[in-house]
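Letter by letter, the chains look like this.
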Amino acid sequence: MGSTDIRGGIRDRIRDDIASERRELAALLDTLTDAQWDAPSLCAGWRVREVAAHMTMAMRHSLPRIAAELVRSRGSLDRMADRLARHDTSALTAEELAAALRDNADHPWKPPVGGHAMALAHDVIHGLDITVALGLERRVPEDRLRTVLARVTPRGARYFGADLDGIALRADDLDWSFGSGTPITGSAQDLTLLAFGRRPPGGRLSGAQADRFVRDRTR
C-alpha cells in the first residue's frame, strides 16, 4: 500500500470517528434536562447551550454570514463565535441544537489549520466541556482520544491559554505523556482538557502543582 493510500485510509477513519462522535454527543444531548442545558460548561461564560450551538456554527451558517459577523466583531474570532452562539441559543430550541449536531454528523467541515484531526479535536473537546462540567461519566473512545492527544503541541497549548512551561503531563490510564518538568497526573481525558486550556474539576489531577489547573480551586 502506497503512502497516498495510507494517508487516505487515516483520513477516512478520522472522518468516521468525527461522525460517530457527533452522533453519540447528539444522543447524549437528547437526554439532558432544561437545567442541564442551562448549566455552566467548561467554556468560560458559556452554558451547555452555547457550546452545543457553537459546535455546528460553521455547518449552519454560510461563509458570507460568518465573514459579516467577523467584521462586526472587529476581526476577533472569539467575539464572533460568542456573538453567534448567543444568537443561535435564542433562536433554536434544545431539541433543534441536538438535531443540528446529529444531522451534520457527516459534514466535511474542518478548521483552517489542522485538517480533519483538529475537526475531531474540536468535537471531542467541546463534548468534554459539556460532559465533565455536568459530571457525566462519558468516556471518549481511546482511538479518538489518541488522535486528539497526538495534536497537542507547545504552540497549540499556548494558543489555547494553557501555561504548561515546566510541567510534564502524564496520563494514568494510557501510555501518553507531554512536556518535561513537574509531573501532573490524571486521566487522558482530563489532561486533554488541560492541554486545550480548560480546567477540570478538583480531585481529578494529582501532582505538586495540580491546584494551578483545576476548576474552582479556591472554594
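Residues numbered from 1 in each chain as written. Predicted model: local features only at pLDDT ≥ 70, side-chain atom pairs only at ≥ 80, totals over all residues. Heavy atoms only, no water.

**Some words on the environment of M59**
Just so we agree on the cut-off: Secondary structure elements are defined from DSSP: runs of H or I of at least 4 residues count as helices, runs of E of at least 2 residues count as strands, and each element is numbered from the N terminus. Only protein chains enter the area calculation, which uses a 1.4 Å probe; residues under 20% of their type maximum are buried, those over 50% are exposed, and those in between are partly exposed.
One can find M59 in helix 4 (residues 57–60). On the accessibility criterion, M59 (12% relative accessible area) is buried.

**Describing the packing of helix 5 (residues 63–72) against helix 6 (residues 77–91)**
We apply this condition: Lines are fitted to the C-alpha atoms to define the axes, a helix being fitted only along its stretch in contact, and any angle between axes, read from their N-to-C directions, falls within 0 to 180 degrees. We call a crossing left-handed when the near helix sits turned anticlockwise from the far one by less than a right angle, and right-handed when that turn is clockwise. Note on contacts: a residue pair qualifies if any of its non-hydrogen atoms lie within 4.5 Å across the two residues. Amino acids are sorted into nonpolar (Ala, Val, Leu, Ile, Met, Phe, Trp, Tyr, Cys and Pro), charged (Asp, Glu, Lys and Arg) and polar (every other residue, Gly among them).
Put simply, helix 5 and helix 6 touch, their axes get as near as 8 Å, and they point 115° apart. Pair helix 5 / helix 6 crosses with right-handed handedness. Contact residues: R65, I66, E69, L70 and R72 in helix 5; L77, M80, R83, L84 and H87 in helix 6. Tallied by class, the residues present in the contact of helix 5 with helix 6 amount to five nonpolar, one polar and four charged.

**Topic: a nonpolar patch on the surface**
Heads up, the condition is: Note on patches: the residues involved have over 30% relative accessible area and no salt bridge, like charges join within 9 Å, and the nonpolar side chains Val, Leu, Ile, Met, Phe, Trp and Tyr join within 5 Å. In short, Shrake-Rupley with a 1.4 Å probe defines the accessible areas, and a residue's cover is counted only from the protein chains shown. Counted as salt bridges are all cases of a side-chain nitrogen of Lys or Arg within 4 Å of a carboxyl oxygen of Asp or Glu.
Nonpolar side chains collect at one region of the surface, where L77, Y159 and F160 lie side by side and expose about 350 Å² of accessible area between them. Mapped onto the elements of the fold, F160 is located in the loop between helix 10 (154–159) and strand 1 (167–171).

**Considerations on the sheet that holds strand 1**
Rule in force here: What makes two strands pair is DSSP finding at least two bridges between them.
Spatially, 2-1-3-4 is the arrangement adopted by the four strands of the open sheet, whose pairing is mixed. Where the open sheet ends on each side, the last strands, each with one partner, are strand 2 (177–178) and strand 4 (205–206). Helix 11 (residues 188–195) contacts strand 1, strand 3 (182–186) and strand 4 of the sheet and is inclined by roughly 150° relative to strand 1.

**Quick word on the environment of R139**
Note on placement: R139 falls in the loop between helix 8 (115–134) and helix 9 (142–149). According to the relative accessible area criterion, R139 is partly exposed, its value standing at 45%. Residues R139 and V124, 15 residues apart in the sequence, show an inter-C-alpha distance of 10 Å.

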